[in-house]
Amino acid sequence: MKFSKYANLIFGCLVLAFAAFYFFQTTQMVVGGVKDAVVDAQFVPYVLSVLMFVLGGLQVVFGIRDSARFNEGAYVPEKSDYKTVVRILLLIVVYIALLVPVGFLFTTMAFLFLAFSILSPAGQKRKYVQYVIIALVTSTSLYFAFRSGLDLMLPQGILPF
Amino acid sequence: MEHVIQALGSVFAIQTLLFIFIGVAVGILFGAVPGLTAVMAVALFLPVTYGMSPGVGISILIALYIGATSGGLISAILLKIPGTPSSVATCFDGHPMMEKGEGPKALGVGIVFSFVGTILSILALMLVAPNLAKVAIKFGPHEYFAIAIFSLTLIAALSGKSMIKGIFAGVLGIAFGTVGIAPVDAAVRFTFGTNELKGGFNTLTVLVGLFAISEVIKTAEKIKSASKDEVAQVSMKSIKGFGFSWKEFREQLPNCGLSSLLGVCIGILPGIGAATSNIVAYTVSKKRSKRGHLYGTGVIDGIVASESANNAGIGGALIPLMTLGIPGDAVTAILLGGFMLHGIQPGPLLFTNNATLVYTIFIAMIVSSVAMLILEFYGLRIFSQLLNVPKHLLLPIILVLCVVGAFGINSRVFDVWTILVFGLVGYLFVKFKAPHAPFIMGFILGPMAETNLRRGLMFSEGKFSGFLTNPISGTFLVLALASIVWSAASHYRNSRRDQEMLVVEDEE
């Protein structure tokens, strides 16, 4: 499937889906205060839901029109490397998850080393020694600079200090 | 006068001066390296300021802002690609000048007029802000509601090609702003039973996610196949002065004045800033100039227009921020977060309750501009070499700095997850070609509009008419309506024109 052809249509559907979710959550809200007031805590969320439904609907209509008009001949597919995107995202998720239990110092070191390796350009040789040194220096200097100099207690994790 | 002396003392302390110079240097680097932006520079350095006094902390942030706005010109001329969107129009003439062997002159002109633009905008800020604050101090909820609504409609209207996407981005921003405890009646909204969401999303996490994390993810997409950028080397040693004559400087003053004025005015408008003003100033200057036909072939006029306008946006964007607490663009939105972290609420009261800080900001801005002039001119060699820092080493470090900044806000990992979530939202925006700016403005102005709507209704006994009968709020609401109608009409005209062009192409 050509993403560009259906991008506007998909976007419209996503807007409608979010509008439905937001609207449903608004109806479930427990609101105290004056019961007969027109404007309570639900007022703005309802207005936003309606706006999103209208915008989503319009976007779907325009999306269908755009995909029908899509010029296949002039289409140049974008070169996107989603494999790297997924790998780096997974790495970030693991990094954040381990930040507190293991501590800032070691997780950051490991994260930097792995991220350098994942992102290094295809044609170039990976300089692992350089990666290790940068990861070590960056994480250590950030950890101690923030903890001792700038009063920001980064998670210490398994470290005793 | 007492405040001015105190402010001078605070800025001219050795430590503050040093921080300002470092701030400007780092800012220039962020402006110069394509992919790094002023928003990132300010966001990443916020945690460094946590432990400092408000005056010093905010001076550094201002220094970063000024450096980063100007730094884009270095890559616009040397790399032939703009370092930030603020310098797009600088390429139009900077690139041909470079090819003609006039690179040093192009850089000299860019640097000097960046400086002049900044100084003119600081003067505008110093002149307008205190007077506007005197008026704004009388504003109540009706006025604030109307101004917030007007700003929101303006952003949606001015953003990008698709009006629907622009408005949706704004609406989604407001929707995210409704998370947490509601104004006035303190109802709990969209927290899904978690305690962390009760306080809502922190503005800084939203901004860091949208502007920094999404950039990291976006770059990961292309980094494997990226080629090294060619950095042209120039030597500033052989040139006299700034590389152009006094006569040329005087000739460019009207152009610079007009472009700076445009920069200030566009900077004041919420949601758009230097990224728009450099192109508008270039176009206006080209139309007005007798040498208009030469623009784009490598004349200094184009660089003057673009560089004075983008830097003039700084003073412009700070006017609504300081007087009303409304940010003019994404960088000032981060600055707003920075003010809040230091316990300062920007708004008209700032000028009476915190006058020393106001003067500290003004003086820090002037010192930063001078630092920018010196550093860009004498440190060009170093900056041009740093343009080659490999992205695959830079981006993970930036990500770590984002994590440090997010964690530092409340010392909790929840905020770090938040930046990742908003990073993904920002990445989806990039993929679907939806603009970021309306989202962030909606996120900040939405809660402001809602709070003031409800307070205003309490004042006018539940009647909406109070918003229309108040002269200032009435005027802004009418302007808001006019801006919707105007932009809908112009979008309709544009799409009709596009359709007609398609039909003509088909017939051919």
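Everything here concerns the structure above.
Residues numbered from 1 in each chain as written. Chains lettered and ligands numbered in written order. Predicted model: local features only at pLDDT ≥ 70, side-chain atom pairs only at ≥ 80, totals over all residues. Heavy atoms only, no water.

Caption draft 1: View of the overall build of chain B. Looking only at helices and strands, one finds 21 helices and two strands in chain B. The globule rule puts the C-alpha radius of gyration for 508 residues at 23 Å, and the 23 Å found for chain B is close to it. Summarising its shape, the C-alpha atoms of chain B cover approximately 70 × 70 × 50 Å along the three principal directions. The proportion of buried residues among the 508 residues of chain B is 62%. Expressed as a percentage of contacts within chain B between residues at least 6 apart in sequence, the contacts between residues at least 24 apart total 79%. Carbon and sulfur atoms provide 66% of the accessible area of chain B, an area that totals close to 19600 Å². Put simply, chain B has 33 plus and 26 minus side-chain charges, and the middle of one group is 3 Å from the middle of the other. (Helix = DSSP H or I, 4+ residues; strand = E, 2+ residues; numbered from the N terminus. Rg over C-alpha atoms; globule rule 2.2 N^0.38 Å. Buried < 20%, exposed > 50% of the residue type's maximum accessible area, 1.4 Å probe, protein only. Contact = heavy atoms within 4.5 Å. Areas by Shrake-Rupley, 256 points an atom, 1.4 Å probe, with all protein chains shown as cover. Lys, Arg positive; Asp, Glu negative; His and termini not counted. Charge placed at Lys NZ, Arg CZ, Asp CG, Glu CD.)

Caption draft 2: How the structure looks around helix α15 (residues 355-378) of chain B. Between its terminal C-alpha atoms α15(B) stretches 35 Å, which fits the 34 Å expected from 24 residues at 1.5 Å a residue. With 18 of its 24 residues buried, α15(B) lies for the most part within the structure. (Expected span 1.5 Å × (residues − 1).)

Caption draft 3: Spatial organisation of the packing of helix α3 (residues 38-49) of chain B against helix α4 (residues 54-78) of chain B. Residues and elements named next belong to chain B. Two numbers describe how α3 lies on α4: the axes approach to 9 Å, and their chain directions differ by 160°. When the axes of α3 and α4 are compared, the pair comes out roughly antiparallel. Note that α3 runs across α4; the crossing there is right-handed. Here α3 contributes A38, A41, V42, F45, L46 and T49 to the contact with α4, which in turn contributes G57, I60, L61, L64, Y65 and A68. Classifying every residue of the contact of α3 with α4 gives 10 nonpolar, two polar and no charged. (Axes fitted to C-alpha atoms, helices over the stretch in contact; angles between N-to-C directions. Parallel < 35°, antiparallel > 145°, perpendicular 65-115°, else oblique. Left-handed = near helix turned anticlockwise from the far one by under 90°. Nonpolar A, V, L, I, M, F, W, Y, C, P; charged D, E, K, R; others polar.)

Caption draft 4: Examining the pattern of salt bridges more closely. Residue and element names in this part refer to chain B. Tallied over the full model, the rule gives 10 salt bridges over all chains. Here E450 and R189 are joined by a salt bridge, their closest N and O atoms 2.8 Å apart. Separated by 261 residues along the polypeptide, E450 in helix α19 (residues 437-459) and R189 in strand β2 (residues 188-189) bring together distant segments of the chain. As far as burial versus exposure is concerned, E450 and R189 are alike and both buried. Residue R291 is joined to D301 by a salt bridge in which the shortest nitrogen-to-oxygen separation is 2.5 Å. Pair noted here: R291 is in the loop between α11 (274-288) and α12 (300-324) and D301 is in helix α12, with a separation of 10 residues, a long-range link. Judged by its relative accessible area of 36%, R291 is partly exposed. Judged by relative accessible area, which is 6%, D301 ranks as buried. (Salt bridge = Lys/Arg side-chain N within 4 Å of Asp/Glu carboxyl O.)

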